[in-house]
Amino acid sequence: MILAENLVKEFSRPRRVEGRMSGLRSFFSTQKITTRAVDDISLRIDDGEIVGYLGPNGAGKSTTIKMLTGILVPTSGHIEAEGIVPWKDRRTNARTIGAVFGQRTQLWTDLPLRESFELIAKLYGLSPEDYRRSLDVFVDLLDMGPFLDTAVRSLSLGQRMRGDIVAAMLYRPPVLYLDEPTVGLDVVAKARIRDFIGEQNRSEGTTVLLTTHDISDIEQLARRVIIIDEGRILYDGGLDSLRARYAPFREIQVSAPEIPESLEIEALTLTTLVPAGEEMRATFRFDPAQIAAPAAIGRLTNALEITDLSSREPNVEDVIRRIYTDRGVEPAAAGPGSAAPGTGVPGAPGQR
Ligand SMILES: Nc1ncnc2c1ncn2[C@@H]1O[C@H](COP(=O)(O)OP(=O)(O)OP(=O)(O)O)[C@@H](O)[C@H]1O
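Quick summary incoming for the structure in this document. Small disclaimer: the values here were computed from a predicted structure and weren't measured.

The immediate surroundings of the ligand are formed by Phe 11, Ala 37, Pro 56, Asn 57, Gly 58, Ala 59, Gly 60, Lys 61, Ser 62, Thr 63 and His 213. Asn 57 has a polar side-chain atom sitting 2.9 Å from an oxygen atom of the ligand. Within the side chain of Ser 62, one N or O atom sits 2.8 Å away from an oxygen atom of the ligand. For the ligand, the accessible surface in isolation is 640 Å², of which the surrounding protein chains cover 59%. The element best represented in the shell around the ligand is helix H2 (residues 61–69), accounting for three residues. A class-by-class count of the residues in the shell around the ligand yields four nonpolar, six polar and one charged.

Right, let's get into the sheet that holds strand E9 (residues 232–238). Pairing is mixed across the open sheet formed by six strands, whose spatial order is E5-E6-E7-E3-E8-E9. The two strands at the open ends of the sheet, each matched to only one other strand, are strand E5 (97–101) and E9. Mean inter-strand twist for the sheet, computed between neighbouring axes without regard to direction, equals 15 degrees. The pairing of strand E3 (residues 50–54) with strand E8 (residues 224–229) spans four bridges and is parallel. Residue pairing for E8: Tyr 53 is matched across the bridge by Ile 226.

Let's shift gears to the layout of surface pockets. Computed from the structure, the largest pocket encloses a volume of approximately 440 Å³. Taken together, 20 residues line the largest pocket, and the ones lying closest to its centre are Ala 94, Ala 99, Gln 106, Tyr 124 and Tyr 171. Among the secondary structure elements, those contributing two or more residues to the lining of the largest pocket are helix H3 (90–96), E5, helix H4 (113–123) and helix H6 (157–169). By residue class, the composition of the lining of the largest pocket is 12 nonpolar, five polar and three charged.

Turning to the nonpolar core, a few remarks are in order. When a protein is soluble and globular, its nonpolar side chains tend to lie buried together. Leu 113, Phe 117, Met 144, Leu 170, Val 225, Ile 227 and Leu 242 are the most contacted members of the largest nonpolar core, which has 52 residues in total. It is H6 that contributes the most residues to this core, six residues altogether. Residues in contact with Leu 170, not counting those within four places in the same chain, are Phe 117, Ile 120, Leu 126, Tyr 131, Ser 134, Leu 135 and Phe 138. Among the nonpolar cores identified, the runner-up in size contains 27 residues, and Val 38, Ile 65, Ala 99 and Ile 226 belong to it.

Right, let's get into the pairing of E3. Side chains on a regular strand alternate between the two faces of the sheet. Of all five residues making up E3, five are buried, and the element is well covered by its neighbours. Of the two faces of E3, both are covered, the one formed by Ile 50, Gly 52 and Leu 54 as well as the one formed by Val 51 and Tyr 53. Here four bridges tie E3 to strand E7 (residues 207–211), and the two strands are oriented parallel to one another. Note on E7: the bridge partner recorded for Tyr 53 is Thr 211.

What follows concerns the packing of helix H9 (residues 239–246) against helix H11 (residues 316–325). Pairs of packed helices are described in terms of their axes, by the angle between the two and the distance that separates them. Where H9 contacts H11, the two axes come as close as 10 Å, and the packing angle between them is 55 degrees. Between H9 and H11, the crossing angle belongs to the class labelled oblique. Regarding H9 and H11, the two cross each other, and that crossing is left-handed. Listed contacts from H11 to Leu 239, Leu 242, Arg 243 and Tyr 246 of H9 are Val 316, Val 319, Ile 320, Arg 322 and Ile 323.

The next thing to look at is unusual backbone geometry. Its identity is not glycine, yet Asp 40 carries a phi of approximately 70 degrees, on the positive side. Residue classification places Asp 40 among the partly exposed residues on the basis of a relative accessible area of 26%. The backbone of Glu 180 sits at a positive phi, close to 55 degrees, despite the residue not being glycine. Within the secondary structure, Glu 180 is located in the loop between strand E6 (175–179) and helix H7 (187–204). Given a relative accessible area of 8%, Glu 180 falls into the buried group.

Here the focus is the pattern of salt bridges. Under the definition given, this model contains 18 salt bridges. One salt bridge in this structure joins Asp 39 and Arg 36, with 2.8 Å as the shortest N-O distance. Asp 39 sits in the buried class, given a relative accessible area of 18%. The network of salt bridges with common partners includes Glu 10, Arg 36, Asp 39 and Arg 232.

What counts and what doesn't
- Residues numbered from 1 in each chain as written.
- Predicted model: local features only at pLDDT ≥ 70, side-chain atom pairs only at ≥ 80, totals over all residues.
- Heavy atoms only, no water.
- Near = heavy atom within 4 Å.
- Polar contact = N/O pair within 3.5 Å; in protein donor to acceptor, adjacent residues only side chain to side chain.
- Areas by Shrake-Rupley, 256 points an atom, 1.4 Å probe, with all protein chains shown as cover.
- Helix = DSSP H or I, 4+ residues; strand = E, 2+ residues; numbered from the N terminus.
- Nonpolar A, V, L, I, M, F, W, Y, C, P; charged D, E, K, R; others polar.
- Pairing = 2+ DSSP bridges.
- Axes fitted to C-alpha atoms, helices over the stretch in contact; angles between N-to-C directions.
- 1 Å grid on protein atoms, 1.4 Å probe; cavity = no way out; pocket = protein on both sides within 12 Å on 5 of 7 lines; lining within 4 Å.
- Points joined across faces, edges and corners; volume = space filled by probe spheres on them.
- Core = buried A, V, L, I, M, F, W, Y, C linked by side-chain atoms within 4.5 Å.
- Buried < 20%, exposed > 50% of the residue type's maximum accessible area, 1.4 Å probe, protein only.
- Contact = heavy atoms within 4.5 Å.
- Parallel < 35°, antiparallel > 145°, perpendicular 65-115°, else oblique.
- Left-handed = near helix turned anticlockwise from the far one by under 90°.
- Salt bridge = Lys/Arg side-chain N within 4 Å of Asp/Glu carboxyl O.

Shown next as structure tokens:
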């Protein structure tokens, strides 16, 4: 279990002084500018959960992960992962958690991948049998045989990322932190890494906290998301309740020879209208609590000479974009189990 309570991280830097001799004056200045990168975040992630940790650039995601992994010490607040305070008990912490930072490798770049793995196995005191067994499974699952003896610096990004994930999992830690593990990868490489993470979670019960800008990572792996902005939690709960709360509408797209711009149909809102070849294509939005989908389709077919029709739910990306642009959203009060009202079940156990 990962537990964080009232986590705060501030960074301070000297205030820059403008004008002549500014460099020298900045050097001697005692004035500081403080940035609060993480501002009172509390969360609880139960064993075996996969939780997506989302937020726009600069929201504080990496800073949170760095505190959870023990790389940074919080300004205030408390963290425990599997009962260990990361920066206090570094040795046990290192065995308890695996971490992957997609933006940079943790491997020895001059060594072949295999030798990096051997070093990690030695550092973590794995028996040769355990090491071989784990490595065989991982190499097979991630199809790493062809490049196991290649120096890390000569690997493609996708190959290197697979190497980093294996390095983090070789000693089978119960907790895995992944900071942008699919950044820059093509769709095939992304799918391989997602499948692997899902498989490890299912087979080993690994608890995973995942930051990503790729919402499809979240849709495929997580049932629960925590969304932060400006260092504070905006939402903590299930993906489904996220949709229901922030995008309680469905859309129907229709094509017809004629669709007047002034068309009014009760309980449906025309949101887009564009020419499509000889025809017009329109998107209508409706609230499923107000009108059921078949009834909405019935009204459209009565009003228009429809040649094509499709319906869709807003996807998570639409929803999250809406949250980011909707600055009216009240940040959640801090404290486990105290996300914004109606936001699902913060810290709910085992939502997989
Ligand atoms: N070492 C540091 N010194 C000073 N400020 C920092 C430091 N690390 C992060 N920050 C600031 O803290 C804030 C949060 O940064 P962080 O890297 O945690 O965001 P993020 O959500 O991971 O963003 P991104 O998606 O762009 O990676 C930003 O304003 C950033 O400039």
